[in-house]
Amino acid sequence: MPEVSRHPDPVDGVAAFRKQFPIFDEKVYLSSCSQGALSRPVEAGLQEFLESWHRYGNPWESWCARMEELRVAFARLINAEPSEVAVTFSVSTALNSLASALRYDERPRVVTSDFDFPTVGHIWLAQQRRGADVVFARAQGDRLPLSAFEEAVDEKTALVSTTHVCYKNGYKNNVSALAELAHERGAQLLIDAYQSMGTQPMDVKALDLDILVTGALKYLLGSPGVAFMYMRRELIERFEPSDSGWFGQENVFAYDVHHLRYASSARRFETGSPPVPSVYATLPALRLIADAGLDTIEAHVQGLAGRFIEGARARGLALLTPQEPALRGPLVMVGSTDANRLVELLARDGILCSTRDGALRVSLHYYNTAGDVHEVLAALDRHPELVRHSAD
């Protein structure tokens, strides 16, 4: 089988970044779409939390201050104000809080899509008992054209809630076009950036986003247990979530059981005590991303994805991800006859990937190199019976 040409890797920034992740001493890690690799700064953050617990017992003032540092770091990453960011436990938590605040009388429609992660559909479908009219923009093969949203979004639509990059095939929506469409029809736009945030710039102001949700554990290279929701400042006080808690109050430490006084900031979408270990783990991860630079990361990841696609095409493999750079994110899908078995055999070769919808997922980040791409392509050559070809 043909091999993709091996060009020198950009050694300086990538090599220094890669050295922060011990897993590359022994493995080829290509599964950031499931969980980012563990870095030394993140491990040190967890150790710092444990030390604070050992030494001070219950230093809640310091722990809450660390969460505010995390809020500021994420806000800076997306060009938002800290007051526009809620720090939550998961995207599901953030969306449920938002869904509980929506009213479904005058504008009952919520538009999502076939390409969204299941939790998104589940949360909006659960709102049907409160009057929500949930409509799915329908995919066409490996594409989700803007026309699918044009058909679904009408004058009764309150919210368009969809993904930036599809978790199961890597297709990337045109966020600016979606914002224009939603706003023209009087709706707000919510983007789930879980499968893109950390691999490309995300300027919520330039993109004219109303709401953005994402989590720390994938390409942001942090820990499970932390997610974020951005909401445009002028929208915040329109929403009063019934899914609430003491950390969503104007004064967290007022301990006033008799009154509900929402925070004036996006913090009103927070609920219970913060996930302190995850906060300590995630702040250094965001700093790693910021120091590398999202423009730099995007250029590198797009180059690696293009290289992998080039090698897959040369082998005649069935690609399930659009090949045009503007239509794909950091993960590329290859058809398989037995994806679970293929992932198992690749792992035996020291190459860690994942699977969705019966296909192989190869996801790329700034710590990956052209050598990693070569290794996975060479491994696929060793298991021809487990990959599908475009002519199959």
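Heads up: the structure comes first, above all this text.
Sequence positions are assigned chain by chain, starting from 1 and proceeding in written order. At least 70 in pLDDT is required for a residue's local features to be given in this predicted model, at least 80 for side-chain atom pairs to be given and counted, and no such filter applies to totals for whole chains, interfaces and linings, which use all residues. Note that water and hydrogens are dropped before the side-chain values are worked out from all heavy atoms of the structure.

K.L.:
Sorry, what's going on with the pairing of strand E6 (residues 188-192) here?
P.N.:
A regular strand places its side chains so that they alternate between the two faces of the sheet. By the criterion of burial, E6 is predominantly enclosed, with five of the five residues buried. Side chains of E6 alternate between two faces, with Gln188, Leu190 and Asp192 and Leu189 and Ile191 buried alike. Following DSSP output, two strands are said to pair if at least two bridges run between them. Starting at the N terminus, helices and strands are each numbered in turn, a helix being any DSSP run of H or I of at least four residues and a strand any DSSP run of E of at least two. With five bridges joining them, strand E5 (residues 157-163) and E6 adopt parallel strand pairing. The residue bridging threonine 163 from the neighbouring strand is aspartate 192, located in E6. Of the strand pairs in this sheet, E6 and strand E7 (residues 211-215) are connected by three bridges, and their pairing is parallel. Looking across to E7, one finds that aspartate 192 is bridged to valine 213. Under the scheme applied here, a residue whose accessible area is under 20% of the maximum for its type counts as buried, over 50% as exposed, and between as partly exposed, the area being computed with a 1.4 Å probe on protein chains only.

K.L.:
Honestly, helix H9 (residues 294-314) in this entry has me stumped. Any pointers?
P.N.:
Any helix carries an expected span of 1.5 Å times its number of residues minus one. End to end, H9 covers 30 Å across 21 residues, agreeing with the expected 30 Å (1.5 Å per residue, within 8%). Restricting attention to buried positions, one finds in H9 the residues Leu294, Ile297, His300, Val301, Gln302, Leu304, Ala305, Arg307, Phe308, Ile309, Gly311 and Ala312. Within two residues after H9, glycine 316 carries a phi angle of roughly 75 degrees, on the positive side.

K.L.:
Would you explain the layout of surface pockets in this entry?
P.N.:
A water-sized probe, rolled over the atoms, reveals where empty space remains. The method works on a 1 Å grid over the protein atoms by themselves. A cavity is a set of points holding a 1.4 Å probe that cannot get out, a pocket is an open set with protein on both sides within 12 Å along at least five of seven lines, and residues with an atom within 4 Å of a point line them. Grid points are joined across faces, edges and corners, and a volume is the space filled by probe spheres set on the points. For the largest pocket, the calculated volume is near 330 Å³. As for the largest pocket, its lining consists of Ala101, Leu102, Arg103, Asp105, Glu106, Arg107, Ala158, Gly186, Gln188, Arg238, Phe239 and Glu240. Each pocket or cavity is described by its volume, and for the second largest pocket that value is around 240 Å³. Lining the second largest pocket are 17 residues, with Phe117, Thr119, Asp192, Tyr194 and Lys218 sitting closest to its centre. A class-by-class count of the residues in the lining of the second largest pocket yields eight nonpolar, six polar and three charged. Lys, Arg, Asp and Glu make up the charged group, whereas Ala, Val, Leu, Ile, Met, Phe, Trp, Tyr, Cys and Pro make up the nonpolar group; the residues left over, Gly among them, are polar.

K.L.:
What's the story with a negative patch on the surface in this structure? I'm lost.
P.N.:
Like-charged residues within 9 Å of one another, or nonpolar side chains (Val, Leu, Ile, Met, Phe, Trp, Tyr) within 5 Å, are grouped into patches, provided each residue has over 30% relative accessible area and no salt bridge. Using a 1.4 Å probe, the Shrake-Rupley method yields the accessible areas, and only the shown protein chains count as cover for residues. For this document, the term salt bridge refers to a Lys or Arg side-chain nitrogen within 4 Å of an Asp or Glu carboxyl oxygen. Here Asp and Glu are counted as negative and Lys and Arg as positive; His is not counted, and neither are the chain ends. Positions of charges follow a simple convention, taking NZ of Lys, CZ of Arg, CG of Asp or CD of Glu. Together, Glu150, Glu151, Glu180 and Glu184 make up a region of like negative charge exposed at the surface. Among the elements of the structure, helix H6 (146-152) and helix H7 (175-184) are those that each provide at least two residues to the negative patch.

K.L.:
Explain the pairing of strand E12 (residues 359-363) to me, please; I cannot follow it from the model alone.
P.N.:
Within E12, five of the five residues are buried, leaving the element largely enclosed by the surrounding structure. Burial along E12 is two-sided: Ala359, Arg361 and Ser363 facing one way and Leu360 and Val362 facing the other are all buried. Of the strand pairs in this sheet, strand E9 (residues 331-335) and E12 are connected by five bridges, and their pairing is antiparallel. Counterpart to valine 332 in the pairing with E12 is valine 362. Pairing of strand E11 (residues 354-356) with E12, which is carried by three bridges, proceeds in the antiparallel orientation. Paired with arginine 356 across the two strands is alanine 359, which belongs to E12. Turn length for the E11-E12 hairpin, with the two strands adjacent in sequence and antiparallel, is two residues, and the turn residue aspartate 357 shows positive phi of about 50 degrees.

K.L.:
So what exactly am I meant to see when it comes to the nonpolar core here?
P.N.:
By size, the foremost hydrophobic cluster in this structure holds 94 residues, and its most contacted members are Phe74, Phe149, Leu189, Met197, Leu209, Phe228 and Phe308. Discounting residues that sit within four places of it in the chain, phenylalanine 74 has contacts with Val85, Met197, Leu212, Thr214, Leu220, Phe228 and Leu286. Within this scheme, the nonpolar core is defined by two criteria: the residues are buried Ala, Val, Leu, Ile, Met, Phe, Trp, Tyr or Cys, and they are joined through side-chain atoms within 4.5 Å. Contacts: residue pairs with any heavy atoms within 4.5 Å of one another.

K.L.:
Where do I start with the packing of aromatic side chains in this structure?
P.N.:
Pairs of aromatic rings are described using the distance from one ring centre to the other and the angle between the two planes. Here a Phe, Tyr or Trp ring, Trp counted by its six-membered ring, pairs with any other such ring whose centre lies within 6.5 Å, and the pair is stacked when the planes are under 30 degrees apart, edge-to-face when over 60, and tilted otherwise. On inspection of all chains with the given rule, the structure shows 18 aromatic pairs. With centroids separated by 5.1 Å and ring planes inclined at 65 degrees, the aromatic side chains of phenylalanine 17 and tyrosine 366 adopt a geometry described as edge-to-face. Linking phenylalanine 17 in helix H1 (residues 11-18) with tyrosine 366 in the loop between E12 and helix H11 (370-382), this pair joins segments that are 349 residues apart in sequence. In this structure phenylalanine 17 comes out as buried when scored by relative accessible area, which is 6%. Ring centres of phenylalanine 24 and tyrosine 367 lie 5.1 Å apart, and the angle between their planes is 55 degrees; on these two criteria the pair is classed as tilted. Of this pair, phenylalanine 24 sits in the loop between H1 and strand E1 (28-29) while tyrosine 367 sits in the loop between E12 and H11, and the two are 343 residues apart along the sequence. We note that phenylalanine 24, like tyrosine 367, is buried.

K.L.:
Please explain the pattern of salt bridges as it appears in this structure.
P.N.:
If charged atoms from side chains of opposite charge come close, those side chains can pair. Scanning the model with the defined rule gives 24 salt bridges in all. Taking the shortest distance from any N to any O, the salt bridge between arginine 382 and aspartate 349 comes out at 3.1 Å. Here arginine 382, found in helix H11, pairs with aspartate 349, found in the loop between helix H10 (339-348) and strand E10 (351-352); they are 33 residues apart in sequence, far enough to count as distant. Relative accessible area serves as the criterion here: at 47%, arginine 382 is assigned to the partly exposed category. Its relative accessible area of 36% is what places aspartate 349 among the partly exposed residues. Each member of the salt-bridge network shares a partner with another, and the members are Glu48, Arg66, Glu69 and Arg287.

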